[in-house]
Every structure is written in structure tokens, then in C-alpha cells.
Amino acid sequence: MALLCFVVDASRLQGAVLGSIQQCLLRLANLAVLRAHRSGALAAIESIGLCAIKFDPGQKSYKLEIVFEPRAPFSYRDFHYAVVNGLTAASAMPQEGTGQVSSLSSLLSSQWSPETATKRIVVITNCFCEPAASFRQAILEAAARCIMIDFIELDLSDHTNDQCLYPQPKLTGEFHVDITEFENCTFQRLQWNSANMSRLVKEWLRELGTDDEGSLEGVLCFQSPLLNSTRKIFCTLYPAVLRLHDVIKPCQACRCHGLPLGSILHCKRAICPVTGSDLDEHDLARSCLQVGEDTVMQMPSLVAPPEPGAAAYFHVIGSVYLALLSESVLFGMPYVLVSSSEADIELNPGGADSTNNDHVFAALCQELHSKDTGLLCKSDTDIETGCPTSFVCFYILLPSQNGSLLAKRIATSEELLPFPPAMRTATSVPDDVRDMVSLSLSKMEAQSYDPLQHERGCDSKLRNVVSESLQFRSSAPEEMSLRPNKQFVTATAVLAQSAEQPVGRLRKNLHNVLPRQQNSTTQKPSLPLNASQVSKGRSRKTKS
């Protein structure tokens, strides 16, 4: 079971810096419970641990305080309370060392629950005041247990010294060079800003997640070579956005495990999802909210679930230059917006008629298209489901030449994933390679895209499927009944259950199910057997 354990140096991080770390951990938990994963996949959160390095004035020494002990299943509510109330600023005294080495050793020697196993430790501070050699014993112990250690140092040089209790000391040697000599260690020195903190959250979320957002290997194949005999380019596909369950809905849960049982309105029979046993009235907790797929919160009162609205309202908040808009932030099904042929009285009582509506809409599209701009909107409706959402959705309306708008979801800070490592640094290309690739591409004539000229082959594929299906059914008997009655369906079930039984026992089972014949002139009932069952029956009859 995966475990991501954080060690925050609260003796050095103070004020706004410690507050931003709290917000990062809370956002990590929020995104993890809202994260959409494939059907049948494991939950996004398996376990998280949180520790803090604090100074004990009585003992005049630093100690490791366990703020949230990792356990399974993960408690979303308890983690929130632990981060807010337990990860607070601590008093410290300027002295040699900060107890970072001793705290890490104490964490590795602590006895977590037997069900959990630490896989990655994240140490966060504004300065590692002890040399890398001091961490050697703890690092080797972690390596023996297959534990990765991430050392994150926040650079506060652009901020005032009141963000930490005392300034960063001058150390001999380079910590980041010495620590990366260990294979199970990584080091990051980051400027303290919102962009870097948001990227850290998404990297931690990836550690907690499933293979839902894993990368995909791809190959670009060209008809003519790009360089010498090179016709293929190997690449990796990374997801650009994070799909979230943006609906918080009432539900009922079992009191024994706290797992959701389904909608309050549609669940007729209460069954524990773990044990499979029926639940009585006192075993149900009805005042619950389901957050994401697996998280349930007990609430003292509930608000009625939102109902699908008659219209999706797009509130325009600004315009965006399309030339500066990245395609990686657009996701979801596109929808075409056209002017309504008739003005809806309910949506616009006392408003303009349909003619003015068409003219204004056409003028808007023409003006946006001429300026190469789009409209940035927010809405409380998910256009893919047509239902109100618990969180605001942002859309971009793209103009076209034919007087219509194209609406697409646009990623927000919660949904946008960080760029892959290869995209963060520019690649220098030799001139000869660039010239040969340019020459190869110049041989391909650029053209406009016409979707009517490109087909996925759905018709031919389905025709083959239908053709094979017809050939398969041609071996069925002509007298096969198309509308079997209840007795024949029961007989078919007997055949299916008795496939491996002797022929004599099979005849006996059918004799008990089918009605006895009154006379020889009565037509024998025909069983609705498929081809495979008929062939089996004939072979057994021949053997008998």
C-alpha cells in the first residue's frame, strides 16, 4: 500500500510560508477525493502521513511530532483537522543544527500500522542546516526498505526574514550535489511562489493516484524520411488536465464502514458494500454527503440535490486572444452555439424578438472572428451532463466564419497538470538536422482540414461484424422460436447449468421442466438454443 509521508520543518518555517504549505496539503486531499478514476480502479488516496519538526523548550531540543498518523482507510475529515490544528508554528532557539537528521531517523524507526508501508518521504524546509553526510545512515536505512526521500528547500531570498526564525546559515559544500549521490534521494530548490507550490501539489497527487493518468507511448510515422532513413519518431503522451467529480450529492451510508450505498431517492435495498449483508434502519446513516467516488461526510443537515436546469447560463467575464490560448487547457466535448430561431419568453421575458437576437449574435461572431478573440465565461452548468455543478466551470467561446460559436471547457488551476520534465527545458537542435527536417516537411503540401474527406472506417468495420454474425446464425435450426415462453427459458437455463453433466442426467432435468406430451400429433416445443448449444446437443445425442 502506497504511503506519502510529509515532514515539515515547523521550527524554521513561519507565517505565510507555513500557511501556504497548509493550503497545499489541504488542496492535495481535496483533489484526491474529487479525482475521477477508472471503473474498478483503486481509490486515489490510500494513505498519507504528516509530521512536523518542532522545538521543545523544556528539553531544549528538537523533536519529531506526528501530526497525522497514516492509516487505512484514509480519513479525509481527520486529515483536514490535523493540518489546520496540528501543523502550526513552533518556537525555536538559534543553535547548531535543527534536528532534521534526528527527526528523519525517528520517523524511520517509528512503528506505523502493519497494514501500511512507507514508499516516499517528503522533507520540506527553508534550509538544510546539516551536511548531506549527516543523513547518510538514515538514507541507507530508507534504501534498504525501498523508500524514496524527497528533500525540498524553499528559497525565501526574495522575501523578508520574518518568514523564518533565523537566517539561513552558510554551509561548506553543496547539499544538493552531495544528496543526489544516493539513488533513493531527490533534491529540489524552489522559489517560494504560487506556481511552484501548485506544481508540487500535482506531483504529490500523481504519487497518490492510480494508472488513470499514466503516460502513453506513441510513434509518429512518416511516408518519406525526415533525416537519412528515419521515418519514425518515438514520443510519450502525457495528460494535460485532471478530470474531477465536480458534484457533491446527498447519499446514505452504512454505519459499520461509512461507505456510500447510493442515492437516497433511488436506493431501495440497503446492503453493506463490504460484507454484503442487509442493513436495518439503525445501521444506515442518511444525513451524508458523497464527495467524489469513495468519500462520505456526515452532515447535520442537507440541502436538496440540484436538479437539471432548463438552460445553461454563460456569464461572460472577459475576452481572450486566441493566438495566445494554449490548446492543452481545452478539454471535454465541444458544443456549437447558434442563434435561437425563436426568442424564449421564459428565458428572456419582455426581451427583443428573434430577428434582433439573430442580428446581435451574428454581429458578435463577426466581431470576435475579425479580432481573433474568444469569450471567457463561467457557468454553474456542466454542458456535457446538462446538470448544475457544485463548482464553477469555465468555458471559452470560439468564433467561426459561419456565424456560430464553439464552447469548450477550459482548465482551471485545480485541473491543469504540470508540463512533463522534457518540456521544461529547451532542446538545442543542430542546423543540419533542422534543415533536413524542413526539407522533408516542405514536400508535404499543406491543406485545410475537411472532415468529410477522412473516415475512421466505422461502416466497413461494422459490416464485417454483421457479416460474421449472419454466418454464425445461419447454422441455427429453422424452427428456432423467436419469442420463447417462460418454460422454454427455464429449460435453456437447465441446459446451461448442465453443460458438463452426462446426457442421461440432462434428459432427466429437461423432463422435469418441460410439459409431458399428450399425444403424438402434438407439435414438439422448440428450444431457443444458440448455435453452440445445438451443436453440443447433437454431438451428445449421437454418442448416446
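The structure this text deals with has already been given above.
The notes below deal with the structure included here. (Residues numbered from 1 in each chain as written. Predicted model: local features only at pLDDT ≥ 70, side-chain atom pairs only at ≥ 80, totals over all residues. Heavy atoms only, no water.)

1. Comments concerning the overall build of the protein chain
Then step 1. Helix and strand counts for the protein chain stand at 12 helices and 16 strands.
Then step 2. Restricting the contact set of the protein chain to residue pairs at least 6 apart, pairs at least 24 apart contribute 70%.
Then step 3. A total accessible area of about 33,800 Å² is found for the protein chain, and carbon and sulfur atoms account for 53% of it. (Helix = DSSP H or I, 4+ residues; strand = E, 2+ residues; numbered from the N terminus. Contact = heavy atoms within 4.5 Å. Areas by Shrake-Rupley, 256 points an atom, 1.4 Å probe, with all protein chains shown as cover.)

2. Here we look at the sheet that holds strand β2 (residues 48–56)
Then step 1. One open sheet holds the 6 strands; their spatial order is β3-β2-β1-β4-β5-β6, and the pairing between them is mixed. Each end of this open sheet is capped by a strand with a single partner; those strands are β3 (61–68) and β6 (185–191). The mean angle between the axes of side-by-side strands here comes to 20°, regardless of whether they run parallel or antiparallel.
Then step 2. Across 6 bridges, the pairing between strand β4 (residues 120–125) and strand β5 (residues 148–155) is parallel. For valine 122, the partnering residue across the bridge sits in β5 and is aspartate 150.
Then step 3. Those strands touched by helix α6 (residues 194–208) are β1 (4–8), β2, β4, β5 and β6, and its axis lies near 155° from that of β6. (Pairing = 2+ DSSP bridges. Axes fitted to C-alpha atoms, helices over the stretch in contact; angles between N-to-C directions.)

3. As for the sheet that holds strand β16 (residues 405–410)
In any sheet, the strands associate via hydrogen bonds between backbone groups, in a parallel or an antiparallel arrangement.
Then step 1. Pairing is antiparallel in the open sheet, where 5 strands are placed in the order β12-β14-β15-β16-β13. This sheet does not close on itself; its edge strands, each paired only once, are β12 (315–321) and β13 (330–337). The average angle at which neighbouring strand axes cross in this sheet is 30°, direction not considered.
Then step 2. Across 7 bridges, strand β14 (residues 373–382) lies against strand β15 (residues 387–399) in antiparallel orientation. Residue pairing in the sheet places leucine 376 in a bridge with isoleucine 396 of β15.

4. Details of the pairing of β5
In the case of a regular strand, side chains alternate between the two sheet surfaces.
Then step 1. Across the 8 residues of β5, 7 count as buried, placing the element largely inside the fold.
Then step 2. The handedness of the β4 to β5 crossover, carried by helix α4 (residues 136–144), is right-handed.
Then step 3. Bridge count for β5 against β6 is 7 bridges, and the pairing is parallel. Bridging from a neighbouring strand, leucine 154 pairs with leucine 190 of β6. (Buried < 20%, exposed > 50% of the residue type's maximum accessible area, 1.4 Å probe, protein only. Right-handed = clockwise from strand over helix to strand, strands pointing away.)

5. Examining unusual backbone geometry
Then step 1. Of note, cysteine 146 is a non-glycine position whose phi angle comes to about 60°, a positive value.
Then step 2. The topology assignment puts cysteine 146 in the loop between α4 and β5.
Then step 3. Unusually for a residue other than glycine, asparagine 228 sits at a positive phi of about 55°.
Then step 4. Looking at the element boundaries, asparagine 228 is found in the loop between β7 (216–221) and β8 (232–237).
Then step 5. Exposure remark for asparagine 228: the relative accessible area of 63% places this residue in the exposed category.

6. Focus on helix α3 (residues 100–109)
Then step 1. Restricting attention to buried positions, one finds in α3 the residues Gln100, Val101, Ser103, Leu104, Leu107 and Leu108. Buried residues of α3, seen end-on, are gathered within an arc of 165° and therefore sit on one face of the element.
Then step 2. Contacts made by the buried residues of α3 are with β1, β2, β3, β4, α4 and β5. (Arc of directions from axis to C-beta.)

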